[in-house]
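What follows is the residue order along each chain.
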Amino acid sequence: MATVSLLRAAALGLVVLASALPAARSWSKEGHMLTCQIAQDLLEPDAAHAVRNLLPDDVGGDLSALCVWPDQVRHWYKYKWTGPLHFIDTPDKACSFDYSRDCHGPDGAKDMCVAGAIANFTSQLLHYKHGSADRRYNLTEALLFLSHFMGDVHQPMHVGFTSDQGGNSIELRWFRHKSNLHHVWDREIIQTALADFYGKDMDAFRKQLEHNLTKGTWSDDVSAWTDCEDLSSCPTKYATESIELACKWAYSGVREGETLSDDYFDSRLPIVSRRIAQGGVRLAMFLNRIFGAHNRDVPPAAAAAS
């Protein structure tokens, strides 16, 4: 696939240039990497080959190395249109997600939210199995965006209330330092867990999550995580889960200016861990369906504006 090779080279140039840009409003680097590592460990041979073929050579076939890339380029002029794709703003206190009501950009453009983005990039990646890349699409970028947005849609505060920007404007303290409610869910809980329980060893954290998938806490539930009518309906299900969790666990009992510490951390870490793992399992399911023998069962997805 000569066209795919050119796309990989173009994406690699963007990755190198983007490496110094700050990430914002997303799972931390660690959260996205964990989701992508779990997913890659669950890929079937056809999907594993396709993913490796689409990745730039310099990352050695490691999808997790580039799962933060969409955050790094979102402020570039070329990619500013992707900003609204990282989240969903819902009506305050609604605690529900309605695609037609909530999935739009600031200018009202339809499908401009993380659920629409997952559908869009899934649709683009289906062209890979057609034997030649559609020149309208950069399939390497589509893979990176899909992988990243699958993480975002599972972060509960990425489907949050409009007035507080998913918790970004709710300022508080996390133990001894200033933060906000969105950042607590993006990175503070993850980084505190890594420091307190895993000696900052992310591989140890990943192994614990994968143990919980196979023999531990979630082993009886994992098979149900991939249930949805078809791939085009899955993102709505995932976004609905997130806003319900945001209301029950993220917003609940939190007051602006207060200090969150052990009680909040201990009770919310299981939610964060489960969502990271669910994102990984579901990303693997998407990639296996897209690149595997069953991809013809996937109905066309609505393409988001780009």
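Residues numbered from 1 in each chain as written. Predicted model: local features only at pLDDT ≥ 70, side-chain atom pairs only at ≥ 80, totals over all residues. Heavy atoms only, no water.

Peer 1: I'm lost on the overall build of the chain in this one. Help?
Peer 2: Per the secondary structure count, the chain includes twelve helices and five strands. For the chain, the proportion of its 306 residues judged to be buried stands at 57%. For the chain, restricting intrachain contacts to residue pairs at least 6 apart in sequence, the fraction spanning at least 24 positions comes to 76%. For the chain, the computed accessible surface area is about 13300 Å², with 51% contributed by carbon and sulfur atoms. (Helix = DSSP H or I, 4+ residues; strand = E, 2+ residues; numbered from the N terminus. Buried < 20%, exposed > 50% of the residue type's maximum accessible area, 1.4 Å probe, protein only. Contact = heavy atoms within 4.5 Å. Areas by Shrake-Rupley, 256 points an atom, 1.4 Å probe, with all protein chains shown as cover.)

Peer 1: Got a minute to help me understand the state of the cysteines in this structure?
Peer 2: Here, the word disulfide means a covalent bond between the sulfur atoms of two cysteines. If you walk through the whole model with that rule in mind, you get four disulfides. One disulfide bridge connects Cys103 with Cys113, the sulfur atoms lying 2.1 Å from each other. Negative torsions about the S-S bond denote left-handed disulfides, and the value of about -100 degrees found for Cys103 with Cys113 makes this one left-handed. With a gap of ten residues between them, Cys103 in the loop between helix 5 (99–102) and helix 6 (114–125) and Cys113 in the loop between helix 5 and helix 6 connect regions that are remote in the sequence. Cys113 gets classed as buried once you look at its relative accessible area, which sits at 1%. What links to what in the chain: the bonded cysteines, counted in sequence order, pair as 1-2, 3-8, 4-5, 6-7. (Disulfide = S-S within 2.5 Å.)

Peer 1: Is there a simple way to explain a negative patch on the surface in this structure?
Peer 2: Judged by side-chain charge, Asp196, Asp262, Asp263 and Asp266 come together as a negatively charged surface patch. The element that contributes the greatest number of residues to the negative patch is helix 12 (residues 262–291), accounting for three residues. With respect to the helices and strands, the residue Asp196 is situated in helix 8 (residues 181–197). (Patch = residues over 30% accessible without salt bridge, like charges linked within 9 Å, V, L, I, M, F, W, Y side chains within 5 Å. Salt bridge = Lys/Arg side-chain N within 4 Å of Asp/Glu carboxyl O. Lys, Arg positive; Asp, Glu negative; His and termini not counted. Charge placed at Lys NZ, Arg CZ, Asp CG, Glu CD.)

Peer 1: Mind showing me how you'd approach the packing of aromatic side chains here?
Peer 2: The geometry of two aromatic rings is summed up by the distance between their centres and the angle between their planes. Here the structure, examined in full by the defined rule, presents 17 aromatic pairs. Ring centres of Tyr79 and Phe145 lie 6.3 Å apart, and the angle between their planes is 50 degrees; this geometry places the pair in the tilted category. Pair noted here: Tyr79 is in the loop between helix 4 (69–73) and strand 1 (88–90) and Phe145 is in helix 7 (residues 139–154), with a separation of 66 residues, a long-range link. A single burial state applies to Tyr79 and to Phe145, both of which are buried. Between Phe145 and Phe149, the aromatic rings sit 5.7 Å apart at their centres with planes inclined by 15 degrees, giving stacked as the arrangement. In this pair, Phe145 and Phe149 are both assigned in helix 7, four residues apart and thus about one turn of the helix distant. Taking relative accessible area as the criterion, Phe145 reaches 1% and is therefore assigned buried. Taken together, the ring pairs in this structure connect Trp174, Phe175, Trp185, Phe197, Tyr198, Phe205, Tyr264 and Phe265 into an aromatic cluster. Above the plane of the ring of Tyr264 lies Arg268, whose end atom (NZ or CZ) is 4.1 Å from the centre. (Phe/Tyr/Trp six-rings, centres within 6.5 Å; stacked < 30°, edge-to-face > 60°. Lys NZ or Arg CZ within 6 Å of the ring centre and 35° of its normal.)

Peer 1: Sorry, what's going on with unusual backbone geometry here?
Peer 2: Note: most peptide bonds trans; most residues except glycine with negative phi. We note that Lys93 has phi near 70 degrees; this positive angle belongs to a residue other than glycine. Along the chain, Lys93 falls in the loop between strand 1 and helix 5. At Cys95, a residue that is not glycine, the phi angle is positive and equals roughly 55 degrees. Secondary-structure assignment places Cys95 in the loop between strand 1 and helix 5.

Peer 1: Teacher, can you tell me more about the pairing of strand 3 (residues 171–174) here?
Peer 2: Successive side chains on a regular strand alternate, one facing one side of the sheet and the next facing the other. Residues Leu172 and Trp174 of strand 3 are buried on one face, while the alternating residues Glu171 and Arg173, pointing to the opposite face, are not. Bridging between strand 3 and strand 4 (residues 177–180) involves four bridges; their strand directions are antiparallel. Considered in strand 4, the bridge of Leu172 is made with Ser179. Examined bridge by bridge, strand 3 and strand 5 (residues 259–260) share two bridges and lie parallel to one another. (Pairing = 2+ DSSP bridges.)

Peer 1: Is there a simple way to think about the packing of helix 6 against helix 7 in this case?
Peer 2: Working note: a packed helix pair is described by the angle between its axes plus the distance between those axes. The contact between helix 6 and helix 7 brings their axes to 9 Å, and the two run at 150 degrees. The handedness of the crossing between helix 6 and helix 7 comes out as left-handed. Counting all contacts with helix 6, which are made through Val114, Ala117, Ile118, Phe121, Thr122, Gln124 and Leu125, the residues of helix 7 involved are Leu139, Ala142, Leu143, Phe145, Leu146, Phe149, Met150, Asp152 and Val153. Its residues placed into classes, the contact of helix 6 with helix 7 shows 13 nonpolar, two polar and one charged. (Axes fitted to C-alpha atoms, helices over the stretch in contact; angles between N-to-C directions. Left-handed = near helix turned anticlockwise from the far one by under 90°. Nonpolar A, V, L, I, M, F, W, Y, C, P; charged D, E, K, R; others polar.)

Peer 1: Help me out: how do you make sense of the side chain of Glu241 in this one?
Peer 2: Relative to the assigned elements, Glu241 resides in helix 11 (residues 234–250). Classification of Glu241 as buried rests on a relative accessible area of 18%.

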